[in-house]
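Here's the letter readout for the chains.
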Amino acid sequence: FFAPEPISTKMIYSDEMARLLSAYDPTLREKQMVAKVVQELNRYALAKVSYGDNTMQVHRLVQAVVSAQMTSEERIEACHGVHRILRGAKPAQEGTDMPTDTPANWPVFEQILPHLDPSRAAECTEDETRQLLTDLVRYLWRRGEFTRALALGEKLTEHWLKTFGPDDQQLLYMHFQMNNALRSLGKFEDAYARDLTVYTKQRELPNIGPDHSHTLLTAGGLGADLTGLGRFQEALDLYQETYDKQKNNFGEEHPLTLSAANNIAVAFRLLGRYYDALEIDGDTLTRRRAVLG
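A few points on the structure. (Residues numbered from 1 in each chain as written. Predicted model: local features only at pLDDT ≥ 70, side-chain atom pairs only at ≥ 80, totals over all residues. Heavy atoms only, no water.)

1. Overview of the sheet that holds strand β3 (residues 55-57)
Thinking step 1. With respect to topology, three strands assemble into an open sheet ordered β1-β3-β2, the strand pairing being antiparallel. The outermost strands of the open sheet, each flanked by one partner alone, are β1 (7-8) and β2 (48-50).
Thinking step 2. Strand direction decides the pairing type here: β2 and β3, joined by three bridges, are antiparallel. Each bridged residue has a counterpart across the sheet, and for K48 the counterpart in β3 is Q57. (Pairing = 2+ DSSP bridges. Helix = DSSP H or I, 4+ residues; strand = E, 2+ residues; numbered from the N terminus.)

Now the structure itself:
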């Protein structure tokens, strides 16, 4: 239930894979024993192992034959196993930086993407898998593949809407990520209308509310939409409100608070209030040097 494209051997030799295989053979908790099994698969031409680029590939015909011998319950469980392996491959978050926002992590996300459809990841209801899918949409946006990000997001949100309903927290967060891509395509009116819908729902829903990190991220996106539309004063008012909430939640030195302060300075500058922008930028730069180096 991986793609017939190459699979990184980091996934094959991962802790998640070892846990899954140990249910069939306790000796496979050891990664050296997994390597022995991989070699056997290679020997009998059931898989192609490339030690040069550290990948393993299973022909789609072999996949089809094995799948045909499984019960529907076994197929579902195997798909979930792939989901857990893919989640385990995702780079860990360091500090407040999202792993998708660090270019050094992008090759790993690109290795994960081909395996979403064969493993039916869109149908998975586990929160961790849904977070991985949301991260992949953000990854595509961050690396500049705006149309691809929207296509993946639309496919996922269509399924999630039917399964979880319009007020689902992860669905709303996915819409926020998609709206980033819309804005980057210059579709400011569409991005604003959609961000406003998401922001309104997030503020009103009891399990999210106006101070939730997702709500504040959407507020930042909404401010960027307003900026793109030339509505600078409205953007400034929203940025100021968001900054106050970030400061109250996380303190003045937190990177998210400093980003919110930066947004205020941008709005001041666009309004021609350069001395106000200079004062905030100077303070933000000093704090960022102390916090981020």
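2. Here we look at the packing of aromatic side chains
Thinking step 1. Scanning the model with the defined rule gives three aromatic pairs in all.
Thinking step 2. Look at W106 and Y139: their rings are 6.4 Å apart centre to centre, the planes differ by 65 degrees, and that puts the pair in the edge-to-face class. Taken together, the residues W106 in helix α6 (residues 106-112) and Y139 in helix α7 (residues 127-142) connect sequence positions 33 residues apart.
Thinking step 3. Ring centres of F109 and Y139 lie 5.4 Å apart, and the angle between their planes is 20 degrees; this geometry places the pair in the stacked category. One end of the pair, F109, is in helix α6; the other, Y139, is in helix α7, with 30 residues separating them in the sequence. In terms of burial, F109 and Y139 fall into one category: buried.
Thinking step 4. An aromatic cluster of at least three residues, connected via ring pairs, comprises W106, F109 and Y139.
Thinking step 5. In this arrangement the basic side chain of R130 is found over the ring face of F164, its NZ or CZ atom lying 3.7 Å from the centre. (Phe/Tyr/Trp six-rings, centres within 6.5 Å; stacked < 30°, edge-to-face > 60°. Buried < 20%, exposed > 50% of the residue type's maximum accessible area, 1.4 Å probe, protein only. Lys NZ or Arg CZ within 6 Å of the ring centre and 35° of its normal.)

3. Focus: the pattern of salt bridges
Thinking step 1. Applying the stated criterion across every chain yields a total of 26 salt bridges.
Thinking step 2. The residue R148 makes a salt bridge to E110 at a minimum N-O spacing of 3.3 Å. Taken together, the residues R148 in helix α8 (residues 146-164) and E110 in helix α6 connect sequence positions 38 residues apart.
Thinking step 3. In this structure, E234 engages R231 in a salt bridge whose closest nitrogen and oxygen atoms are separated by 2.8 Å.
Thinking step 4. What you see here is one network of salt bridges that share partners, running through E77, R84, R87 and E126. (Salt bridge = Lys/Arg side-chain N within 4 Å of Asp/Glu carboxyl O.)

4. A short note on the state of the cysteines
Thinking step 1. Following the criterion strictly, the structure yields zero disulfides and no others.
Thinking step 2. In this structure C79 is not part of a disulfide, and its nearest cysteine sulfur, from C124, lies 9.4 Å away.
Thinking step 3. Given a relative accessible area of 3%, C79 falls into the buried group. (Disulfide = S-S within 2.5 Å.)

5. Some remarks on unusual backbone geometry
Thinking step 1. With a phi angle near 55 degrees, N54 is a residue other than glycine that sits in the positive phi range.
Thinking step 2. Note on placement: N54 falls in the loop between β2 and β3.
Thinking step 3. The phi dihedral of R120 falls on the positive side, at around 55 degrees, and the residue is not glycine.
Thinking step 4. As for its position among the elements, R120 is in the loop between α6 and α7.
Thinking step 5. Judged by its relative accessible area of 34%, R120 is partly exposed.

6. A word on the nonpolar core
Thinking step 1. Judged by nonpolar contacts, the single largest core of 39 residues is most densely connected at L86, L116, L136 and L152.
Thinking step 2. Among the elements that take part in this core, α7 stands out by supplying seven residues, more than any other.
Thinking step 3. Discounting chain neighbours no more than four positions away, the residues touching L116 are L86, A121, L133, L136 and L152.
Thinking step 4. L222, A235, I264 and A267 belong to the second largest nonpolar core, which has 16 residues in total. (Core = buried A, V, L, I, M, F, W, Y, C linked by side-chain atoms within 4.5 Å. Contact = heavy atoms within 4.5 Å.)

7. Observations concerning the environment of D195
Thinking step 1. Tracing the backbone shows D195 in helix α10 (residues 188-204).
Thinking step 2. Separated by 32 residues in the primary sequence, D195 and T163 have C-alpha atoms spaced 22 Å apart.
Thinking step 3. In contact with D195, not counting residues within four places along its chain, are F176, N179, R183, T218, G221, L222 and D225.

8. Re the side chain of T257
Thinking step 1. Checked against the element boundaries, T257 lands in helix α13 (residues 255-270).
Thinking step 2. Of the residues examined, T257 reaches a relative accessible area of 0% and is grouped as buried.
Thinking step 3. Within polar-contact distance, the side chain of T257 engages the backbone oxygen of Q246 at 3.3 Å.
Thinking step 4. Separated by 2.8 Å, the side chain of T257 and the backbone oxygen of G251 make a polar contact. (Polar contact = N/O pair within 3.5 Å; in protein donor to acceptor, adjacent residues only side chain to side chain.)

9. What about helix α14 (residues 274-292)?
Thinking step 1. Helix length check: α14, at 19 residues, gives a terminal C-alpha distance of 25 Å against a target of 27 Å (1.5 Å per residue), a fit within 8%.
Thinking step 2. Listed as buried for α14 are A277, T284 and R287. Mapping the buried residues of α14 onto a view down its axis gives an arc of 110 degrees, with all of them on the same face. When the buried face of α14 is taken as reference, the exposed residues oriented beyond 90 degrees from it are Y274, Y275, L278, E279, T286, R289 and A290.
Thinking step 3. Buried-residue contacts for α14 involve α13.
Thinking step 4. Immediately beyond the C-terminal end of α14, within one or two residues, lies G293, with a positive phi of roughly 90 degrees. (Expected span 1.5 Å × (residues − 1). Arc of directions from axis to C-beta.)

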